[in-house]
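Letter by letter, the chains look like this.
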Amino acid sequence: MRVDKTKCKISTLGNICTLKTGKKDANHADENGCYPFFTCGASPLKANTYSFEGANLIIPGNGDIGRCFYYNGKIEAYQRTYVLHLKENSNIDIKYLYAVFKANWKPFIQNKILGAAMPYIKLGHLNSFPIPIYDLSVQQSIVSELDAIQIMIDGYKAQLEDLDALAQSIFLDMFGDPVSNPKGWELHSIASFGKIVTGNTPSKSVEEYYNSDYIEWIKTDNIQNNDLYPTVASEYLSKEGSLKGRIVEKNSILVCCIAGSLSSIGKCCITNRKVAFNQQINAIECNPQHNHLFSYWLIKCAQKIFMETASTGMKHILSKSVMSSIKLPVPDPSLQQQFAHRIEAIERQKEQIRFQLKDAETLMVERMQYYFS
């Protein structure tokens, strides 16, 4: 769809939204809660109370700044989280505003973030965020187009999840649940799987970004749904300098070992290219006696062990030494290889879907840039 950009007006968020902050601290979360509890993390927790309802946008005010969530219903919010509600007669479609945030919020706020140890933003940053405004009918047409692209993206992701479920069923059929080890396989420590490397967070000087000689820098948020490779949301940093020694090659296993949510501990993926990664991740470079595909599915199916082993507090932590000492059931290399051959066929199917997914995600970015830049 083409739009007449001469008819697009620019307003600021403070003119069209009321902005409130949550009042709850992190201890308010309850895994058995019935309402989403939005914090500054990548995904909401749960709570047994709610303070907001209706269609709202939720913006984290500290931590990994740049996120935005949309939710229509009853929610709870952390004390450093902003909840945005449209003013009456604003003439704005809330899902259109959400699309503007997904396209423009992170680039807008990138150079305005305050704090070093704990990055944060102020209310004034949100109030001054510029919003391109078309007629309401145009907004709704834009939302319809972007929703259609999102349906494609979600469909490809669902196909990947179905193939993952097939691979997991093959693993459990051949080897049993690694937590209970019903087939009595010999136990091996993760240290025996290969070299274990802890990531780091390099300095973020301007020169390190968008360098022609770059490498992806993976964060825990890039390990989505235990997929086999990182998502497109990762950042790009120079291969030189502070990244030295924190880079792993293709077919390494990345494991989330520091997280705000216990359910994130043990999330893993296999790299399909050389990457760098942050200090919340440990990487395993498997030796020849431990097939990387088998080892990945072993760790994935044994995530409960990782969660039970992690220390708890404000953050859940599984140190390199503790992770190295975890023992998992390991069959003979010949059986690992048989499993890997079956998984490789599934991986070829997944690779085709990933290309389609990447094209759809690229189309989404291009359309948002056209409408909102």
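Up top you'll find the structure we're talking about.
Residues numbered from 1 in each chain as written. Predicted model: local features only at pLDDT ≥ 70, side-chain atom pairs only at ≥ 80, totals over all residues. Heavy atoms only, no water.

Q: I'd like to hear about the overall build of the protein, residue by residue, with values.
A: Scanning the protein for helices and strands turns up 8 helices and 21 strands. Taken across its 373 residues, the protein has 46% of its residues classed as buried. Within the protein, counting contacts between residues at least 6 apart in sequence, those at least 24 apart form 74% of the total. In the structure as shown, the protein presents an accessible area of about 18,400 Å², 51% of it carried by carbon and sulfur atoms. (Helix = DSSP H or I, 4+ residues; strand = E, 2+ residues; numbered from the N terminus. Buried < 20%, exposed > 50% of the residue type's maximum accessible area, 1.4 Å probe, protein only. Contact = heavy atoms within 4.5 Å. Areas by Shrake-Rupley, 256 points an atom, 1.4 Å probe, with all protein chains shown as cover.)

Q: Give me the lowdown on the sheet that holds strand β6 (residues 69-72), citing residues and values where you can.
A: Note: strands within a sheet are paired through backbone hydrogen bonds, in either parallel or antiparallel orientation. Taken in spatial order, the 4 strands make up an open sheet running β2-β8-β5-β6, and their pairing is antiparallel. Sheet topology places β2 (17-21) and β6 at the edges, where each strand pairs with a single neighbour. Each neighbouring strand pair of the sheet contributes to a mean axis angle of 30 degrees, computed without reference to strand direction. Here β2 pairs with strand β8 (residues 81-86) via 5 bridges, running antiparallel. Considered in β8, the bridge of Thr 21 is made with Tyr 82. Sitting on the sheet, helix α2 (residues 94-109) is in contact with β2, β5 (55-60), β6 and β8, with an inclination near 20 degrees to β5. (Pairing = 2+ DSSP bridges. Axes fitted to C-alpha atoms, helices over the stretch in contact; angles between N-to-C directions.)

Q: Lay out the pattern of salt bridges with the relevant residues and their values.
A: One pass over the full model with this rule turns up 9 salt bridges. Put simply, Asp 147 and Lys 95 hold a salt bridge, and the shortest N to O gap is 3.4 Å. Taken together, the residues Asp 147 in helix α4 (residues 136-175) and Lys 95 in helix α2 connect sequence positions 52 residues apart. Across the salt bridge formed by Glu 249 and Lys 274, the nearest N and O atoms sit 3.6 Å from each other. Residue Glu 249 is located in the loop between β14 (247-248) and β15 (253-256), and its partner Lys 274 is located in the loop between β17 (268-270) and β18 (275-277); the two are separated by 25 residues in the primary sequence. (Salt bridge = Lys/Arg side-chain N within 4 Å of Asp/Glu carboxyl O.)

Q: Any chance you could break down the sheet that holds strand β4 (residues 45-47) for me, citing the residues and the numbers?
A: An order of β4-β3-β7 is seen for the 3 strands of this open sheet, with the pairing classed as mixed. Of all the strands in the sheet, the pair left with one neighbour each is β4 and β7 (76-77).

Q: For the state of the cysteines, give the residues involved together with the corresponding values.
A: Taken as a whole and assessed by the stated rule, the structure comprises 0 disulfides. Cysteine Cys 301 is unpaired, with the sulfur of Cys 268 as its nearest cysteine sulfur at 8.8 Å. (Disulfide = S-S within 2.5 Å.)

These values are about where atoms sit, not about what they do.
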